[in-house]
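Here are the chains, one letter per residue:
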Amino acid sequence: QVQVVESGGGLVQPGGSLRLSCAASGSIFSFVVVQWYRQAPGKKREWVADITSGGSIMYTDSVKGRFTISRDNAENTVYLQLNSLKPEDTAVYYCKGVVREGVDSWGQGTQVTVSS
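Reference entry: report on the structure contained in this document. (Residues numbered from 1 in each chain as written. Predicted model: local features only at pLDDT ≥ 70, side-chain atom pairs only at ≥ 80, totals over all residues. Heavy atoms only, no water.)

**Quick look at the sheet that holds strand β7 (residues 67-72)**
One open sheet accounts for four strands, arranged β1-β3-β8-β7; its pairing is antiparallel. The sheet terminates laterally at β1 (4-7) and β7, the two strands that pair on one side only. Averaged over all neighbouring strand pairs, the angle between strand axes comes to 15°, with direction disregarded. Where β1 meets strand β3 (residues 18-24), four bridges bridge the pair, whose relative direction is antiparallel. Bridge assignment links Glu6 to a residue of β3, and that residue is Cys22. (Pairing = 2+ DSSP bridges. Helix = DSSP H or I, 4+ residues; strand = E, 2+ residues; numbered from the N terminus. Axes fitted to C-alpha atoms, helices over the stretch in contact; angles between N-to-C directions.)

Have a look at this one:
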């Protein structure tokens, strides 16, 4: 089964930017959709954005206009560009590749910390 690995997290000041990567171990087209989630300390994991194999995109309301999801099929990678970051964006960000209902692959997560 194709696995995913996240990278790109770090410490950034409010208003700053980061680009997260979700690299697939095989073809990114193994997944019908690739999703980003995040989990802040003491909170439940929440869905952030997703992109389908056909290129359809959706975002949760709190990140619309600030985050951008994209994919590079040649690199088998999905990106999440984080702009205008706020302290409340601090969380571990996870990538999930969905093969079909009930079959998916989660990455190990990458920490994003927004603080001055």
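Next comes the rest of the write-up.
**Remarks on the state of the cysteines**
Taken as a whole, this structure holds one disulfide when the rule is applied. A disulfide bridge connects Cys22 with Cys95, and the sulfur atoms are separated by 1.8 Å. Classification of the bridge connecting Cys22 and Cys95 rests on its S-S torsion, roughly -60°, and on that basis the disulfide is left-handed. Placement of the pair is Cys22 in strand β3 and Cys95 in strand β9 (residues 91-100), with a sequence separation of 73 residues. For the pair shown, Cys22 and Cys95 are each scored as buried. (Disulfide = S-S within 2.5 Å. Buried < 20%, exposed > 50% of the residue type's maximum accessible area, 1.4 Å probe, protein only.)

**A short note on the pairing of strand β10 (residues 103-106)**
Bridge count between β9 and β10: four bridges; the pairing is antiparallel. Note that in β10 the partner of Arg100 across the bridge is Val103. Here β9 hands over to β10 after two residues, with Gly102 in that stretch at a positive phi of 85°.

The values reported here are purely geometric and, on their own, carry no functional implication.
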